[in-house]
Amino acid sequence: PRRPFAAGLLPGSLILKPQRGLMLPIALLAGRQWRAIAGAALSSIGLLAIGVAAFGLAATQAWIGQMPLYVAIGRDGLVGWEKLASVYAAVRQLGFGADLAFAIHAAVATFAAWLVYRVWRSDADLLCKGSALAAATILASPYVFLYDALILIVPFLWLALKDVRPAVLAVLWFLPIVTIAQIGGAGSSLNLNPVVPIAL
């Protein structure tokens, strides 16, 4: 809060992993964080310019040219549905088609975006706002892996500080361990990865 422009420089680095920053513009716009938005814009443009200056335009074009591969990984589950932590992947792992999975994923992501907007427009404390943003970030992209869920430590911390019952925290903490076991070869048709950010 004391240096919003400098704080905005950090999220601008998400230009390298844009799927992790899909909810950030909603939060910053809702919170009227104009200086942070300016910082994020400057650092993202600056990082791209540094990349072009250091490696040439061809490297940036090659990076952009890889995007269809990442779309295919997310759309077709090329790494295995159980490794993807999105609502889309969970619906696909249940055996449903891409259209229905995208529709369900879009509905959940839209609701998450609405919640981010509401929380960031409120007078909630910054940790609450960050918690909503973290959980919504995991729900936003169809291309999200289990390891991306590390960001959910923020809402876990917020819940722990709010004296949420330990049994509830224990269940939420244990679910990622179950999903790791699924990835390890349990072969379940049920992908529990999106349950934790939805619950949070």
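Everything below is about the structure printed above this text.
What comes next is a walk through the structure.

Quick notes on the rules
- Residues numbered from 1 in each chain as written.
- Predicted model: local features only at pLDDT ≥ 70, side-chain atom pairs only at ≥ 80, totals over all residues.
- Heavy atoms only, no water.
- Helix = DSSP H or I, 4+ residues; strand = E, 2+ residues; numbered from the N terminus.
- Rg over C-alpha atoms; globule rule 2.2 N^0.38 Å.
- Buried < 20%, exposed > 50% of the residue type's maximum accessible area, 1.4 Å probe, protein only.
- Contact = heavy atoms within 4.5 Å.
- Areas by Shrake-Rupley, 256 points an atom, 1.4 Å probe, with all protein chains shown as cover.
- Lys, Arg positive; Asp, Glu negative; His and termini not counted.
- Charge placed at Lys NZ, Arg CZ, Asp CG, Glu CD.
- Axes fitted to C-alpha atoms, helices over the stretch in contact; angles between N-to-C directions.
- Parallel < 35°, antiparallel > 145°, perpendicular 65-115°, else oblique.
- Left-handed = near helix turned anticlockwise from the far one by under 90°.
- Nonpolar A, V, L, I, M, F, W, Y, C, P; charged D, E, K, R; others polar.
- Salt bridge = Lys/Arg side-chain N within 4 Å of Asp/Glu carboxyl O.
- Phe/Tyr/Trp six-rings, centres within 6.5 Å; stacked < 30°, edge-to-face > 60°.
- Patch = residues over 30% accessible without salt bridge, like charges linked within 9 Å, V, L, I, M, F, W, Y side chains within 5 Å.

**A few points about the overall build of the chain**
Turning to step 1, where the next piece is worked out: A count of helical and extended segments in the chain gives 11 helices and 0 strands.
Turning to step 2, where the next piece is worked out: Helices (α) and strands (β) of the chain occur, in sequence order from the N terminus, as α-α-α-α-α-α-α-α-α-α-α.
Turning to step 3, where the next piece is worked out: Taken against the 2.2 N^0.38 rule, which gives 16 Å for 200 residues, the C-alpha radius of gyration of the chain at 18 Å falls within 12% of a compact globule.
Turning to step 4, where the next piece is worked out: For the chain, buried positions account for 36% of its 200 residues.
Turning to step 5, where the next piece is worked out: Pairs at least 24 residues apart make up 65% of the contacts formed inside the chain by residues separated by at least 6 positions.
Turning to step 6, where the next piece is worked out: For the chain, the computed accessible surface area is about 11400 Å², with 71% contributed by carbon and sulfur atoms.
Turning to step 7, where the next piece is worked out: Distance between charge centroids for the chain: 9 Å, based on 14 positive and 7 negative side chains.

**Remarks on the packing of helix H7 (residues 98–121) against helix H8 (residues 126–140)**
Turning to step 1, where the next piece is worked out: The interhelical angle for the contact between H7 and H8, taken along N-to-C directions, is 165°, at an axis separation of 9 Å. The pairing of H7 with H8 is recorded here as roughly antiparallel in orientation. Viewed along their axes, H7 and H8 form a crossing whose handedness is left-handed. Between H7 and H8, the contacting residues are His-105, Val-108, Ala-109, Ala-112, Val-116, Val-119 and Trp-120 on the first element and Cys-128, Lys-129, Gly-130, Ala-132, Leu-133, Ala-136, Leu-139 and Ala-140 on the second.
Turning to step 2, where the next piece is worked out: When grouped by side-chain class, the residues that make up the contact of H7 with H8 number 12 nonpolar, 2 polar and 1 charged.

**A closer look at the pattern of salt bridges**
Turning to step 1, where the next piece is worked out: Under the definition given, this model contains 2 salt bridges.
Turning to step 2, where the next piece is worked out: With its nearest N and O atoms 2.4 Å apart, the salt bridge here joins Arg-20 to Asp-148. A residue pair is termed long-range when its members are at least 10 positions apart, and Arg-20 in the loop between helix H1 (4–9) and helix H2 (24–30) and Asp-148 in the loop between H8 and helix H9 (153–161) qualify at 128 residues.
Turning to step 3, where the next piece is worked out: Arg-20 gets classed as partly exposed once you look at its relative accessible area, which sits at 32%.
Turning to step 4, where the next piece is worked out: Of the residues examined, Asp-148 reaches a relative accessible area of 8% and is grouped as buried.
Turning to step 5, where the next piece is worked out: With a closest N to O distance of 3.0 Å, Asp-76 and Arg-75 form a salt bridge.
Turning to step 6, where the next piece is worked out: Overall, Asp-76 belongs to the partly exposed group, its relative accessible area being 36%.

**As for the packing of aromatic side chains**
Turning to step 1, where the next piece is worked out: Counted under the stated rule, the structure contains 7 aromatic pairs.
Turning to step 2, where the next piece is worked out: When the centroid spacing of 5.8 Å and the interplanar angle of 70° are considered together, the rings of Trp-81 and Tyr-88 count as edge-to-face. In this pair, the class of Trp-81 matches that of Tyr-88, namely buried.
Turning to step 3, where the next piece is worked out: Plain terms: the ring middles of Tyr-143 and Phe-145 are 5.2 Å apart, the flat faces sit at 85° to each other, and that makes the pair edge-to-face.

**Quick notes on the environment of Val-144**
Turning to step 1, where the next piece is worked out: By secondary structure assignment, the location of Val-144 is in the loop between H8 and H9.
Turning to step 2, where the next piece is worked out: Between the C-alpha atoms of Val-144 and Phe-55, which are 89 residues apart in sequence, the distance is 28 Å.
Turning to step 3, where the next piece is worked out: Those residues within four positions of Val-144 in sequence are excluded, and the remaining contacts are Lys-83, Leu-84, Ala-85, Ser-86 and Ile-138.

**Brief notes about a nonpolar patch on the surface**
Turning to step 1, where the next piece is worked out: Nonpolar side chains collect at one region of the surface, where Leu-94, Phe-96, Leu-100, Ile-104 and Leu-190 lie side by side and expose about 430 Å² of accessible area between them.
Turning to step 2, where the next piece is worked out: Inspection of the secondary structure puts Phe-96 in the loop between helix H6 (87–93) and H7.
Turning to step 3, where the next piece is worked out: Residue Phe-96 is classed as partly exposed on the basis of its relative accessible area of 43%.

**A few points about helix H5 (residues 67–76)**
Turning to step 1, where the next piece is worked out: Of the residues making up H5, those classed as buried are Ala-72, Ile-73 and Gly-74.
Turning to step 2, where the next piece is worked out: Buried positions along H5 lie against H6.
Turning to step 3, where the next piece is worked out: Trailing H5 by a residue or two, Gly-77 shows a phi angle of about 65°, which is positive.

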